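Given next are the chains, with one letter for each unit.
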Amino acid sequence: ETRRCAMYDYNTINVDMNEDIAIVRFSRPKALNALNHEMTLELAELFDKLENDPVVRGIILTGEGRAFMAGADISEMKERDAEGGREFARVSNYAFSRVADISKPTIAAVNGFALGGGLELSLCCDWRIAAESASFAAPEVTLGIIPSGGGTQRLPRLIGSGRAKELIFTGKRIKAAEAERIGLVNKVVPDEALMDEAVKSMREALANSAVALRYAKEAIDTGIGLSLADGIKVEINSVGMVFGSEDRLEGVSAFLEKRKAVFRDK
Ligand code: CO8
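Here is a short report on the structure shown in this document. Residue numbers restart at each chain and count upward from 1, following the sequence in its written direction. This being a predicted model, a pLDDT of at least 70 is required before a residue's local features are given, and a value of 80 or more before pairs of side-chain atoms are given or counted; all residues contribute to the totals for chains, interfaces and linings. By convention in this description, side-chain values take in all heavy atoms of the structure and omit both hydrogens and water.

1. Overview of the overall build of the protein chain
Our working definition: Elements are defined by DSSP. Helices are runs of H or I of four residues or more, strands are runs of E of two residues or more, and each kind is numbered from the N terminus. For a compact globule the rule gives 2.2 Å times the number of residues to the power 0.38, and the radius of gyration it is set against comes from C-alpha atoms. Burial status follows relative accessibility: with a 1.4 Å probe on protein chains alone, a residue under 20% of its type maximum counts as buried, one over 50% as exposed, and anything between as partly exposed. Contacts between residues were defined by any pair of non-hydrogen atoms, one from each residue, lying within 4.5 Å. Using the Shrake-Rupley algorithm and a 1.4 Å probe, accessible areas are obtained, with residue cover drawn only from the displayed protein chains.
Of regular secondary structure, the protein chain possesses 10 helices and 11 strands. Taken over the C-alpha trace, the protein chain has a radius of gyration of 19 Å; the compact-globule value for 266 residues is 18 Å, and the two agree within 12%. Seen along its three principal axes, the alpha-carbon backbone of the protein chain occupies a region of about 65 × 45 × 35 Å. Out of the 266 residues belonging to the protein chain, those deemed buried represent 47%. Sequence-distant contacts in the protein chain: of pairs separated by 6 or more residues, those separated by 24 or more amount to 67%. Element-wise, carbon and sulfur atoms account for 55% of the exposed surface of the protein chain, whose accessible area totals about 13800 Å².

Structure below.
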């Protein structure tokens, strides 16, 4: 069962709770959830709070209406000069990094347009599940700008530089099936099945030790920017940390005693 969470009261974002999963819904449907300055600040604050909310163990991001997010709000772009543009990218990246760096698992449930900043925000999630009718693009060059929410860095890391350059240089829109083919999304499901599938996928992860999930995420995200040798060192240290956890003792004991593990997140 999913309930609106009154604790998180924002103008541009709604939060529902499905037990221990927070469902973050972008909510400026008349503007196809375009990310304006207010939403950027609310997003950063929300993710700081979600990081520290002990009830929340996993987070699903989605959009209300026809879009996941149709990019940054273009109406706020006209008056910016070079300094203004730099400030825009700095604040955008600050907010997006709060999403990317949260220690809990995140899934983007892409329900419609994921364009520009919307595509970039989906890249800040651990993985992406798309509705059949979802579409993706990095149309910034058509506006004379370039991705400003980490897209020039995260997209090539995820799908390779050739595919990322094709999307970023052409600005073309691709459908969910094509996004799945090039590894941009993990799975495509019928529109009406999207949230159930995202919750199911998250629950599969959350059945496991939260400590293990946290260290696995940190090792992957830290290591991806390092050489393989340095990444392996990160992994070795992370393994040391999880071996010190109560969850590891419980998980290993439960297997040896042929019972189901009860993890306590310690
Ligand atoms: N900004 C502001 N308003 C928007 C945006 C947007 N990005 N996208 C849609 N809207 C508004 C429209 O202006 C329209 O408003 P109104 O009803 O008042 O005229 C309303 O949403 C509905 O849109 P349409 O009538 O255009 O609906 P269509 O179904 O005809 O078209 C599209 C849907 C194809 C999604 C179309 O709206 C479109 O092309 N939108 C712009 C998409 C785009 O170029 N996005 C990229 C923006 S640049 C960007 O994201 C830079 C990266 C920044 C990253 C950092 C994070 C901040």
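2. Describing the pattern of salt bridges
Put simply, the rule is: By definition, a salt bridge exists where a carboxyl oxygen of Asp or Glu is found within 4 Å of a side-chain nitrogen of Lys or Arg.
By the definition in use, this model includes 18 salt bridges. The closest approach of N and O atoms between Glu64 and Arg4, which form a salt bridge, is 3.9 Å. Taken together, the residues span a long stretch of sequence, with Glu64 in the loop between strand S4 (58–63) and strand S5 (67–69) and Arg4 in strand S1 (residues 2–4) at a distance of 60 residues. The salt bridge involving Arg181 is made with Glu178; its shortest N-O contact spans 3.0 Å. Pair noted here: Arg181 and Glu178 are both in helix H6 (residues 176–181), with a separation of three residues, about one helical turn. For Arg181, a relative accessible area of 55% translates into the label exposed. Overall, Glu178 belongs to the partly exposed group, its relative accessible area being 29%. The network of salt bridges with shared partners includes Arg4, Asp16, Arg25 and Glu64.

3. Here's the deal with the site of the ligand
Spelled out, the test is: Near residues are defined by distance, with any heavy atom within 4 Å of the molecule or strand qualifying the residue. Polar contacts, as counted here, are pairs of nitrogen or oxygen atoms within 3.5 Å of one another; within protein the pair requires one atom able to donate a hydrogen and one able to accept it, and residues that are adjacent in sequence qualify only if both atoms are side-chain atoms.
Around the ligand, the surrounding shell holds 26 residues, and the nearest of these are Arg66, Ala70, Ala72, Ile74 and Gly117. A distance of 2.9 Å separates a nitrogen atom of the ligand from a polar backbone atom of Ile74. Contact with the protein chains covers 65% of the free accessible surface of the ligand, which is 1100 Å². Elements supplying a minimum of two residues to the shell around the ligand: helix H2 (82–100), strand S7 (113–115) and helix H3 (117–123). Looking at the shell around the ligand element by element, the count peaks at three residues for H2.

4. Some points on helix H10 (residues 246–256)
Each full turn of the α-helix corresponds to 3.6 residues, which orients residues three or four apart in the same direction. Applicable threshold: This arc corresponds to the set of directions leading from the helix axis out to the C-beta atoms.
What H10 keeps buried is the set Asp247, Glu250 and Ala254. Along the long axis of H10, the arc covered by the buried residues comes to 65°, so they all point the same way. Facing away from the buried side of H10 by more than 90 degrees, the exposed set consists of Leu249, Phe255 and Leu256. Lys258 sits one or two residues past H10 and shows a positive phi near 55°.

5. Structural notes on the sheet that holds strand S9 (residues 135–137)
Test applied: Two strands are counted as paired when DSSP detects at least two bridges linking them.
With respect to topology, four strands assemble into an open sheet ordered S5-S7-S9-S10, the strand pairing being mixed. Each having just a single partner strand, S5 and strand S10 (174–175) make up the two edges of the open sheet.

None of the figures reported here should be taken as evidence of function without further support.
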